[in-house]
Amino acid sequence: MFIDQASIEVHAGHGGDGAISWRREKYVPDGGPDGGDGGRGGSVILRADEGVRTLLDFQFHPIYKAESGEPGRGQKQFGKAGEDLVLRVPVGTIVREKNSGLPVADLRHHGQEFVVAKGGLGGKGNVHFKSSTRQAPRFAKPGGSGQSIAITLEVKLLADVGLVGMPNVGKSTLLSILTNAKPKIANYHFTTLDPNLGVVDLGEGQTYIVADIPGLIEGASEGAGLGHDFLRHIERTRLLAHVLDMSGSEGRDPLEDFDRIQQELTAYNPKLAERVKIVVANKMDLPGAAEHLAAFRSALRERGIVLRTPEEQQDADPWGEDEAMLLVTTSAATSAGVKPLRYLLGAALEGIEKTDLTFDEDLVPLERFYRRNASVRVYREGKTIYVEGEPVKNLSKKLIITDGASVQFFERSLEQMGVMDRVRDLHPDEDDVINIEGFEFDWL
């Protein structure tokens, strides 16, 4: 099953606390502090992998947590770092912050990685806080909190050529002949519920990727049918080939089908319709197809749209005032015209640069959301200002209220974390009390 969207929560590991320890050895008087540092927490990393085609696994497992670091130990021993958690996603995955929907990463290449949640730093052991005036520090720095965020993963297929058209015009059959893909094929509408990819091998190392996009219906650009779910998959194609049932075997008019698809592409994004460079007149083996093709070309010419076969294109005036679309006649049932189509698509791609052809907005720095969703909460209730949150709670666990050096370290850490600036923003006065995770201080 092809699942192209999933929402998950990721939680990086917390850093291990620094150790408060004292050197205790025989014949070594006044050994002093020897508490080691805590290990860093593991990060959560997204990695684009060509072997992954779907986000199905994320639908069943929406929460992911990396390993936390171990606390430090005596004898200056460091705690073990937490293992990073690597989540494999399909190539072409866009990562969005869930609440805002803004994109923070775009994984377009195999092996590309993005750290979506950084692990917390390990805390410093008390050995770091020894000085000439402080021989026995009874405090250590707690480990930092790992980052957490809710994200949405969204796959946009990376293909060179996209086959577009109404349902049941033969796109899936063409894909199966052009490439080694094996899409589900049957004679009913909306056969293709999932996009299919295949690789066309022209030999001598020349390949390109073709995507069969599910049949579009009127209103697809507004989300009707399977519209929005699949229109985004052709945003990155360099070239679109419009497949038409030229036989009219199901009572449809090829001209009306052409107009409806072009209108849906234009409504989704005007630049998307400009990528239609080739018209594939399919089912030419059926009665009436030749007559319908002649009428179709004549109708488009009256609008100033010229369709030329490859032979006609070679004889055309290079200085002509019109830029024609290429017309290719095929029969998916008999494979007639499919082999030339393979090479024509490849040749057409040669003049189109591989660029970032998606229509997404610019990426937003991930740090913006971590600052906005700060895990420390500062708020006022009457004459009391409360400071709460995991980082402050970890820090307060190490506070020895009767030890002046420990209190100074606590205050200095709050300043470095920016907590005290947020307290000042609430304009405290000498009558206010500052409650920091249960410890109360008068504001001076």
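Residues numbered from 1 in each chain as written. Predicted model: local features only at pLDDT ≥ 70, side-chain atom pairs only at ≥ 80, totals over all residues. Heavy atoms only, no water.

**A short note on the pattern of salt bridges**
Under the defined criterion, the tally for this structure stands at 16 salt bridges. With a closest N to O distance of 3.3 Å, Asp84 and Arg40 form a salt bridge. Of the two residues, Asp84 sits in the loop between β3 (63-65) and β4 (85-90) while Arg40 sits in the loop between β1 (5-11) and β2 (44-49), which places them 44 residues apart along the sequence. The class of Asp84 is partly exposed, set by a relative accessible area of 33%. Across the pair Glu312 and Arg297 runs a salt bridge, and its minimum N-O distance is 2.7 Å. Of this pair, Glu312 sits in helix α7 (residues 310-315) while Arg297 sits in helix α6 (residues 289-302), and the two are 15 residues apart along the sequence. Judged by relative accessible area, Glu312 falls into the partly exposed class, the value being 35%. Judged by its relative accessible area of 23%, Arg297 is partly exposed. A cluster of three or more residues bridged by salt bridges with shared partners is formed by Arg380, Lys383, Asp429 and Asp432. (Salt bridge = Lys/Arg side-chain N within 4 Å of Asp/Glu carboxyl O. Helix = DSSP H or I, 4+ residues; strand = E, 2+ residues; numbered from the N terminus. Buried < 20%, exposed > 50% of the residue type's maximum accessible area, 1.4 Å probe, protein only.)

**Some thoughts on the packing of helix α4 (residues 254-268) against α6**
Direction vectors running N to C along α4 and α6 enclose 50 degrees, while the axes themselves pass 9 Å from each other. Taken together, the axes of α4 and α6 are oblique relative to one another. Of the residues in α6, those in contact with Pro254, Leu255 and Phe258 of α4 are His292, Phe296, Ala299 and Leu300. (Axes fitted to C-alpha atoms, helices over the stretch in contact; angles between N-to-C directions. Parallel < 35°, antiparallel > 145°, perpendicular 65-115°, else oblique. Contact = heavy atoms within 4.5 Å.)

**Some thoughts on the packing of aromatic side chains**
Remark: the centre distance and the inter-plane angle together describe each pair of aromatic rings, the angle taken between the planes. Counting across every chain of the model gives 4 aromatic pairs. Arranged with centres 6.1 Å apart and planes meeting at 25 degrees, the rings of Phe410 and Phe441 form a pair that is stacked. Linking Phe410 in helix α11 (residues 404-416) with Phe441 in strand β19 (residues 439-442), this pair joins segments that are 31 residues apart in sequence. Here the guanidinium or amino end of Arg377 rests over the ring plane of Tyr379, the centre of that ring lying 4.0 Å away. (Phe/Tyr/Trp six-rings, centres within 6.5 Å; stacked < 30°, edge-to-face > 60°. Lys NZ or Arg CZ within 6 Å of the ring centre and 35° of its normal.)

**Re the sheet that holds strand β10 (residues 196-203)**
In space, the 7 strands of this open sheet follow the order β10-β11-β9-β12-β13-β15-β14, with mixed pairing throughout. Only two strands of the sheet have a single neighbouring strand rather than two, namely β10 and β14 (307-308). Two strands pair when backbone bridges link them, and strand β9 (residues 161-164) and strand β12 (residues 239-245) are joined in this way by 4 bridges, in the parallel orientation. Each residue of the ladder has a partner; that of Val161, found in β12, is Leu239. Together, β9, β12, β13 (276-282) and β15 (325-329) form the strand contacts of α4, whose direction differs from that of β12 by roughly 150 degrees. (Pairing = 2+ DSSP bridges.)

**Quick word on unusual backbone geometry**
Despite not being glycine, Lys76 has its phi angle at roughly 60 degrees, a positive value. With respect to the element layout, Lys76 can be found in the loop between β3 and β4. The exposed category is assigned to Lys76, whose relative accessible area is 53%. Phi at Lys283 takes a positive value of approximately 60 degrees, unusual for a residue other than glycine. Relative to the assigned elements, Lys283 resides in the loop between β13 and α6.

**Things to note about the packing of helix α2 (residues 171-178) against helix α8 (residues 338-350)**
Relative orientation of the contacting elements α2 and α8 amounts to 80 degrees, with a least axis distance of 10 Å. Between α2 and α8, the interaxial angle falls into the category roughly perpendicular. Every residue of α8 that contacts α2 at Leu174, Ile177 and Leu178 is listed here: Val338, Leu341, Arg342 and Leu345. The class makeup of the residues in the contact of α2 with α8 is 6 nonpolar, no polar and 1 charged. (Nonpolar A, V, L, I, M, F, W, Y, C, P; charged D, E, K, R; others polar.)

**Quick look at the sheet that holds β19**
The mixed open sheet is built from 4 strands, whose spatial order is β16-β17-β18-β19. Looking along the sheet, the strands with just one partner apiece sit at the ends: β16 (377-381) and β19. Going across the sheet, the axis of each strand differs from the next one's by a mean of 20 degrees, ignoring polarity. Here β16 runs beside strand β17 (residues 384-388); their pairing, made up of 5 bridges, is antiparallel. Bridged to Tyr379 within β17 is Tyr386.

**Comments concerning the confidence of the model for the chain**
Regions with low pLDDT carry predicted coordinates that are not meant to be interpreted in detail. When pLDDT is averaged along the chain, the result is 81, and 84% of the positions lie at 70 or above. The least confident element of the chain, judged by mean pLDDT, is helix α3 (residues 227-231) at 55; the most confident is strand β7 (residues 113-117) at 96. Contacts from residues 183-192, a stretch scored under 50 in pLDDT, to residues over four places away or in other chains number 27 contacts. (pLDDT = per-residue confidence, 0-100.)

**What about the environment of Arg23?**
Within the secondary structure, Arg23 sits in the loop between β1 and β2. Along the backbone, Arg23 and Gly74 are 51 residues apart, and their C-alpha atoms lie at a distance of 7.5 Å.

**Here's the deal with α2**
Among the residues of α2, Lys171, Ser172, Leu174, Leu175 and Leu178 are the ones counted as buried. Angularly, the buried residues of α2 cover 160 degrees about the axis, an arc narrow enough to put them on a single face. Against β9, β10, β11 (206-212), β12, β13 and α8 lie the buried residues of α2. (Arc of directions from axis to C-beta.)

**Brief notes about the environment of Asp84**
Counting along the chain gives 71 residues from Asp84 to Gly13, while the straight-line C-alpha distance between them is 8.3 Å. With residues near it in sequence (within four places) discarded, Asp84 still touches Arg40, Gly42, Ser43 and Ile45. There is a polar contact of 3.3 Å between the side chain of Asp84 and the side chain of Arg40. Here Ser43 takes part through its backbone nitrogen, which lies 2.8 Å from a polar atom of the side chain of Asp84. (Polar contact = N/O pair within 3.5 Å; in protein donor to acceptor, adjacent residues only side chain to side chain.)

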